[in-house]
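# Topology and contacts: notes
Here are the chains, one letter per residue:
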Amino acid sequence: MNSAKSRSGSLALCALLSAISASAHPGHSLSDATPGHLLSSPDHLAVLALGGVALWFAGRFVQRQLPRRLLQGAGMAAVLTAALIWGVRT
Ligand SMILES: [Zn+2]
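## Details of the confidence of the model for the protein chain
Across the protein chain, pLDDT averages 80, with 69% of residues at or above 70. Per-residue pLDDT, averaged within each element of the protein chain, yields its smallest value for helix α1 (residues 2–22) (63) and its largest for helix α4 (residues 65–89) (91).

## As for α4
Each full turn of the α-helix corresponds to 3.6 residues, which orients residues three or four apart in the same direction. When the terminal C-alpha atoms of α4 are compared, their 36 Å separation across 25 residues agrees well with the 36 Å that a helix rising 1.5 Å per residue should span. Taken as a whole, α4 has its buried residues at L71, G75, A78 and A82.

## Here we look at the packing of helix α3 (residues 42–59) against α4
For the pair α3 and α4, interaxial distance at closest approach is 7 Å and the crossing angle is 160 degrees. Taken together, α3 and α4 sit at an angle that is classed as roughly antiparallel. Here α3 runs over α4; the crossing is left-handed. Along its contact with α3, which presents L45, L48, A49, G51, G52, V53, L55, W56, A58 and G59, the element α4 presents R68, L71, Q72, A74, G75, M76, A78, V79, T81, A82, I85 and W86. By residue class, the composition of the contact of α3 with α4 is 15 nonpolar, six polar and one charged.

Criteria and thresholds
- Residues numbered from 1 in each chain as written.
- Predicted model: local features only at pLDDT ≥ 70, side-chain atom pairs only at ≥ 80, totals over all residues.
- pLDDT = per-residue confidence, 0-100.
- Helix = DSSP H or I, 4+ residues; strand = E, 2+ residues; numbered from the N terminus.
- Expected span 1.5 Å × (residues − 1).
- Buried ≥ 20, exposed ≤ 12 C-beta atoms within 10 Å, placed from the backbone.
- Axes fitted to C-alpha atoms, helices over the stretch in contact; angles between N-to-C directions.
- Parallel < 35°, antiparallel > 145°, perpendicular 65-115°, else oblique.
- Left-handed = near helix turned anticlockwise from the far one by under 90°.
- Contact = placed C-beta atoms within 7 Å.
- Nonpolar A, V, L, I, M, F, W, Y, C, P; charged D, E, K, R; others polar.

Structural data, given as structure tokens:
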């Protein structure tokens, strides 16, 4: 029951994240972009930060401690990475 619930939650989260990243930058997909472009474009950094916030927020709804820590840790890491890259490039 509980694991089925969290599985459907993570499926929804994956769908959400891929929807966000698919619309990250009109005109190209993530696989077309060079790493340099991904790291220097504000659009992609914003998507990374938004995805991180979404992960962290999703973690709040997870009851079990380990998945919650993982989600919130990954979300925090994504936001911090975006902030760091933003700070370096400006
Ligand atoms: Zn792009």
